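So the chains spell out like this:
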Amino acid sequence: MWSRLAHTILRFRITLMVILTVITVFMGYQSTNIKWSYDLANIVPEKDPDMVYFKQFRETFGEDGNVMAIGLQDSSVYELENFTRYSQMVSNLEAKDEIRNVLGIPNLQKLEKNNQKKVFELKPVFEKIPENQKVLDSLLAGIADLKFYSGQLINANNGATLVLITIKKDILNSKNRDQLVSYIIEQGEKFEEETGINMHFAGLPYSRSITTSKVKAELNMFLVLSLIVTGIILFLFFKSFKAVFFPLIIIGVVVIWVMGTLALLGFKITLLTGLIPPIIVVIGIPNSVYMLNKYHHEFSEHGDQMKALSRIIRKIGVVTFITNLTTAVGFFVLITTRINVLVEFGIVAGINIMATFIVSIILIPGVFSLYKPPSQKQLKHLKFKILDWIIKKIDLLVHKMRPAIFTLTLAVIGISAFGLTKIKAVSYMVDDIPENSPLKNDLKFFERNFSGVMPLEVIVDTGYKKGVQNLKNLRKIDEFEGFISSINGISQPVSVVSFAKAARQAFYNQSADFYSLPSNRDLGFIMRYLSEGETEELSQSFIDSTGQYVRISLKMADIGSNKLDSLVNDVIAPQIDSIFSDSKMDVNVTGTTLMFIKGNKFLIENLLTSMLMAFLIIAIIMGLLFRNIKMVVVSIIPNIIPLLITAGIMGFFGIPLKPSTALIFSIVFGISVDDSIHFLAKYRQELLAKEFNVPEAISRSIRETGSSMIYTSIILFCGFIIFVLSEFGGTIALGKLTSITLFFAMITNVVVLPALILQFDSGKRNKSGHPLIESVPELAEGIDENEKRNKLRTITREIS
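Draft legend 1. Up close: the overall build of the protein chain. A count of helices and strands for the protein chain gives 26 helices and nine strands. Within the protein chain, buried positions represent 55% of all 800 residues. Of all intrachain contacts in the protein chain linking residues separated by at least 6 positions in sequence, the fraction that spans at least 24 positions is 80%. Surface exposure of the protein chain reaches about 35300 Å², of which carbon and sulfur atoms provide 58%. Averaging the coordinates of the 81 positive side-chain charges in the protein chain and doing the same for the 72 negative ones gives two points 11 Å apart.

Here is the structure:
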C-alpha cells in the first residue's frame, strides 16, 4: 500500500499540490466568515439540576452577571467642583443606549411618602447640581441616613463609594460589549485625569472584556513567535533555507485550514480554539523533521534522490500516520467531556493534526523532488559531533547501566508520587491574572471596601402565591439575611426585605431608627403605599409575578472554588436548614459565581476522564501495532513517567489543578507517545534485519531515531515554552508544564524505553502471527530476507 502511495504521490505531485492549493484558497475564503465568541462559556451540562435551576432564575429575574462597577476612595470627590464632574460622568453613562441602568451617589433616588396620593414615590436626592458646598454637604449627610444603600454604594467606615452600571443582556454577549466597556473606562479615566482621584473598575463584563482583548493580542503574538522559533531551530538543524521555508509553508497551509474548519463547522474563536494555530505550528513541525531527516539519511547512503524521497513515504509513512493519529487522539477524547468549548477544541485540533499528516506526506516529497539533491553541507547535521557524542553515550548508558537507570527511575517515580498527593484543585472567577495586574488590584479594592463584586443569589420559595406578603415569612428571610451579613467576604444582602425596611424608613420621614421590617401595627399602611406608584418595577427585581419567589442578591469576594464550596455547603446550607426547618419555605443558592465554580470542577473531572480514555485508546492502538502485551506496557511506561513527574512538580510547587493545567495531561500523552512509536517501529525493523539480535537492534535504533527524537523534542520544548510570555497564568502553566513534560518524555523515550526493551524483550518472533507494524514495506522486506535465509539454512542442513 505504502509503496503504491509513494509512487502515486511522486508521479502526480504537481496535481496533488494544485489540489492542496485549491483547498487552501477555499479554506482561506471560509475563514473570512469566522467570528469571535463573546459568550460566557457554558461548562455545566444543560440537564444538570443546578443549571436547570439557574436558567429558571434568569428567566424569572434576569441576568446577574451584567453589572460593572466603578469605585473610588477619596474624600475630595465630595468637594463641589469634583462632585460636579462626578455627576457629569454618571450622566454621560446614563445617556448610553447600551446601558440599562446606572446607580451612583449623583443620581441616587430615595423613597418619599406622598400622603395625598397614599403612595411611595421615587425622588432624586440631587434634583440639580448643588449651588454651593454647604448644600452639597447637607444632601450628603441625608444620604448617610439612607440605610438601604449602606454597604451597597457607600462604605460608611471610610467613605469609599461606587457606581453600578447594568449592561443590557443583548450587549453583554456581543462584540459591542468591548466597545461599551472601553467607553466606560474612558469616562472613568477622564474623571481621574481631571480630578486626580484614582478610579477602580471591576465586574464580570469588565474582566471578560479585558481578558478577551488580551487573548486576541496574545494569540497573534504566539502564532508569530512559534513560527520564528521553529524556523530558527530548523535552520540550525538542517543549515538549509529550503528545510525551513517549506515546513513553515506546510504549517501555514494547515493554520489556514484550522480557521476554515472553524468557519465551516460554525464554531467561534474562543480562548481554547484560538490556541490551535500556535499549537499546530509546534506539533506539526516534527512531521517535517522526521521526513527531512529520513530523506537525508537515505540520500547519504545511496545518493539516489527519488529513491530517498520514495522511502520517506514507504519507510516512515505509516509510522508518521500513527504518531499523528495518537496525537489527534489526545485531542479527540475531549469530545467525550460533553462541554462545548472542549468539544469544539478537540474536533478542530484533531481534524487538523491529521490534515498536517496529509499535507506533509504530499508536500515534503513532492516539493523536494523539484529541487536539486541536498549538498554535503546540508548533510553535515547527520554527523553533528556533539549530538553524535550524546547519542553514543546514551547507547552506552542503556547497555551498561540498566540497573542504575531503573533505580533512578523508581526513585523519581516515588518522589513524584509523593508530590502528586500534595496537588490541590482550586479555581477562581478571575483566574490566571497576574497578582500585580491592574485588574487584580482593582478587584482587591472592591473586596476590601465592598466585600467583592462576584454575584451570588439566594432564591426563597415561600410555598404559595403572595407568600411574600406574610410578615412571618419576611422575618424568617430577615433572620437569614442577618446571618449572611455577619459572614466576612459577603456584602449586605439586597432583597424585598431591605426594600420593605427602606419603605418603613420612608413612611416615618427617613428616620434611620425605623429602618426595620414593618410591625403588625404599621404593615397594612405601608403595604397600601407600596401597592401603587413607581415602586412596582423596582420590586419586580426581587419578587416574581406571583409573589411566591423572593430573590436575595449578594456580592462576594473571589474566594476560590474550595472556600466557596465550604461556605455554601458547610456554613450557609446548615443555617438555611436551621432557620427555615419549621416553615414551608424552600431555599436554594444559585448564581453565575456558583455555576462558574461548579463548571470548573466538572471540567477538571471530565478532563481527567478524557486523559484515562486517551491512555486506553492509545494502548489499544499500540496493542494492534505490536500484538504483544509486554511491548504495549513497555511503550506506555516511559510516557506515563513524565506525566507523573509533572504532577509531582505541581504538588511540590503549589501549582493547583484547574482546567488549564488538567488539559495538559491528555494532550501531552498523545504527543510524547509519538517518539515511542518511531523508536519501536525502527527497533522492529532493525530486529528483523539483524536476525533478532536485540542489543544490536537497540543500538542501531538509538543512533538513527535518537537524533530525530532529540530534534523534535527541542522544537516542541521551545515551541511550547513561548507561552510563558503570556499574561495569563493558565497559558503560562500550559507552556511551562507542557515543555517540562515533553523534556522528560524525551529522556524516558531515549533512555528508559531502550533499557526496558533490553530487559524484557527476548527478541523471539511469534511465527503464528505478524504484528501490524510489520506491514511497513521495508519491514516486510526484512522478514522475507530472514525467511529466505532460514529456508536456505534448512535446505543446507537437509542436504548435509
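That shown, we press on.
Draft legend 2. Broad picture of the sheet that holds strand 7 (residues 454-461). Taken in spatial order, the three strands of this open sheet run 8-7-9, and their pairing is antiparallel. The open sheet has two edge strands with one neighbour each: strand 8 (549-556) and strand 9 (586-590). For this sheet, the mean inter-axis angle between neighbouring strands, taken without regard to orientation, is 20°. Bridge count for strand 7 against strand 8 is eight bridges, and the pairing is antiparallel. By the bridge assignment, I459 is partnered in strand 8 with R551. Where helix 16 (residues 471-485) meets the sheet, its contacts fall on strand 7 and strand 8, and the angle it forms with strand 8 comes to roughly 10°. Sheet strands in contact with helix 20 (residues 561-580) are strand 8 and strand 9, and its direction is about 165° off that of strand 9.

Draft legend 3. Local environment of unusual backbone geometry. For K466, which is not a glycine, the phi torsion comes out positive at approximately 60°. A relative accessible area of 56% places K466 in the exposed class. You will see that Q510, though not glycine, has its phi angle at about 65°, which is positive.

Draft legend 4. Structural context of the sheet that holds strand 1 (residues 67-72). What the four strands build is an open sheet, ordered 2-5-1-6; its pairing is antiparallel. The open sheet is flanked by strand 2 (99-103) and strand 6 (200-202), the only strands paired with a single partner. Along the sheet, successive strands turn relative to each other by an average axial angle of 15°, direction set aside. Across four bridges, strand 2 lies against strand 5 (residues 161-167) in antiparallel orientation. By the bridge assignment, I99 is partnered in strand 5 with I167. With respect to the sheet, helix 7 (residues 176-195) is in contact with strand 1, strand 2, strand 5 and strand 6, its orientation differing from that of strand 1 by roughly 10°. In the packing of helix 8 (residues 204-238) onto the sheet, the strands contacted are strand 1, strand 5 and strand 6, and the crossing angle to strand 1 comes to about 95°.

Draft legend 5. Broad picture of a nonpolar patch on the surface. Together, V224, I228, I232, F235, L236 and F241 line one region of the surface with nonpolar side chains, adding up to about 600 Å² of accessible area. Position of L236 relative to the elements: it lies in helix 8. Owing to a relative accessible area of 53%, L236 belongs among the exposed residues under this scheme.

Draft legend 6. Summary view of the pairing of strand 5. Counting buried positions along strand 5 gives six out of seven residues, so the element sits mostly inside the fold. Across six bridges, strand 1 lies against strand 5 in antiparallel orientation. By the bridge assignment, A69 is partnered in strand 5 with L164.

Draft legend 7. Geometry of the nonpolar core. Ranked by internal contacts, the top residues of the largest apolar core, which has 227 residues, are I70, F345, F480, Y683, I698 and F720. Considering every element that reaches this core, the biggest residue donor is helix 12 (residues 340-368), with 16 residues. Contact partners of F720, with chain neighbours within four places excluded, come to I279, V282, I283, I671, G735, T738, S739 and L742.

Draft legend 8. Region of the structure containing the environment of N198. Tracing the chain through its elements places N198 in the loop between helix 7 and strand 6. Linking N198 and L72, residues 126 residues apart in sequence, is a C-alpha distance of 6.3 Å. In this structure, N198 is in contact with G71, L72 and E192, ignoring residues within four places of it in sequence.

Draft legend 9. Quick peek at the environment of G463. Residue placement: G463 occurs in the loop between strand 7 and helix 16. Using a relative accessible area of 44% as the deciding quantity, one classes G463 as partly exposed. Contacts of G463, omitting those with residues within four sequence positions, involve Q548 and K584.

Draft legend 10. Quick peek at the pattern of salt bridges. Inspection of the entire model under this criterion finds 20 salt bridges. In this structure, the salt-bridge partner of E112 is K110, at a minimum N-O distance of 3.6 Å. For R703, the salt bridge identified is with D395, shortest N-O distance 3.3 Å. With a gap of 308 residues between them, R703 in helix 24 (residues 694-721) and D395 in helix 13 (residues 385-400) connect regions that are remote in the sequence.

Draft legend 11. Representation of the side chain of T661 within the structure. Along the polypeptide, T661 turns up in helix 23 (residues 659-689). Judged by its relative accessible area of 0%, T661 falls in the buried class.

Draft legend 12. A look at the packing of helix 8 against helix 10 (residues 276-302). Helix 10 packs onto helix 8 with a crossing angle of 15° between their chain directions and a minimal axis gap of 9 Å. The angle between the axes of helix 8 and helix 10 places the two elements in the roughly parallel class. Relative to helix 10, the crossing made by helix 8 is right-handed. Mapping the contact onto sequence places F222, L223, S226, L227, T230, L234 and F238 in helix 8 and P277, P278, V281, V282, I285, V289, L292, N293 and H296 in helix 10. Among the residues forming the contact of helix 8 with helix 10, the class breakdown is twelve nonpolar, four polar and no charged.

Draft legend 13. Local environment of the pairing of strand 1. Across the six residues of strand 1, five count as buried, placing the element largely inside the fold. Pairing analysis gives three bridges linking strand 1 to strand 6, with the strands arranged antiparallel. Opposite G71, over in strand 6, you have H200 as the bridge partner.

Draft legend 14. Representation of the confidence of the model for the protein chain in the model. Summary statistics for the protein chain give a mean pLDDT of 84 and a share of 93% for residues scoring 70 or more. Between residues 777-800, whose pLDDT stays under 50, and residues either more than four places distant or in other chains, the model counts 25 contacts.

Draft legend 15. Spotlight on helix 4 (residues 80-94). Spanning 15 residues, helix 4 covers 21 Å between terminal C-alpha atoms, matching the ideal 21 Å at 1.5 Å per step. By the burial criterion, the buried members of helix 4 are N82, F83, Y86, S87, M89, V90 and L93. All buried residues of helix 4 project into a common sector of 155° when viewed along the axis, lining one side. Buried residues belonging to helix 4 abut strand 1, strand 2, helix 5 (133-144), strand 5 and helix 7.

Draft legend 16. Inspection of the packing of aromatic side chains at higher detail. One pass over the full model with this rule turns up 23 aromatic pairs. Plain terms: the ring middles of F148 and Y149 are 5.3 Å apart, the flat faces sit at 90° to each other, and that makes the pair edge-to-face. Taking relative accessible area as the criterion, F148 reaches 21% and is therefore assigned partly exposed. Taking relative accessible area as the criterion, Y149 reaches 11% and is therefore assigned buried. Aromatic side chains F222 and F723 sit 4.9 Å apart centroid to centroid with 65° between the ring planes, which places their arrangement in the edge-to-face category. You can see F222 sitting in helix 8 and its partner F723 sitting in the loop between helix 24 and helix 25 (729-760), a full 501 residues away along the chain. When its relative accessible area of 1% is taken as the criterion, F222 is described as buried. Among the residues examined, F723 registers a relative accessible area of 0% and is labelled buried. One cation-aromatic arrangement involves K96 over Y183; the distance from NZ or CZ to the ring centre is 4.4 Å.

Conventions adopted
- Residues numbered from 1 in each chain as written.
- Predicted model: local features only at pLDDT ≥ 70, side-chain atom pairs only at ≥ 80, totals over all residues.
- Heavy atoms only, no water.
- Helix = DSSP H or I, 4+ residues; strand = E, 2+ residues; numbered from the N terminus.
- Buried < 20%, exposed > 50% of the residue type's maximum accessible area, 1.4 Å probe, protein only.
- Contact = heavy atoms within 4.5 Å.
- Areas by Shrake-Rupley, 256 points an atom, 1.4 Å probe, with all protein chains shown as cover.
- Lys, Arg positive; Asp, Glu negative; His and termini not counted.
- Charge placed at Lys NZ, Arg CZ, Asp CG, Glu CD.
- Pairing = 2+ DSSP bridges.
- Axes fitted to C-alpha atoms, helices over the stretch in contact; angles between N-to-C directions.
- Patch = residues over 30% accessible without salt bridge, like charges linked within 9 Å, V, L, I, M, F, W, Y side chains within 5 Å.
- Salt bridge = Lys/Arg side-chain N within 4 Å of Asp/Glu carboxyl O.
- Core = buried A, V, L, I, M, F, W, Y, C linked by side-chain atoms within 4.5 Å.
- Parallel < 35°, antiparallel > 145°, perpendicular 65-115°, else oblique.
- Left-handed = near helix turned anticlockwise from the far one by under 90°.
- Nonpolar A, V, L, I, M, F, W, Y, C, P; charged D, E, K, R; others polar.
- pLDDT = per-residue confidence, 0-100.
- Expected span 1.5 Å × (residues − 1).
- Arc of directions from axis to C-beta.
- Phe/Tyr/Trp six-rings, centres within 6.5 Å; stacked < 30°, edge-to-face > 60°.
- Lys NZ or Arg CZ within 6 Å of the ring centre and 35° of its normal.

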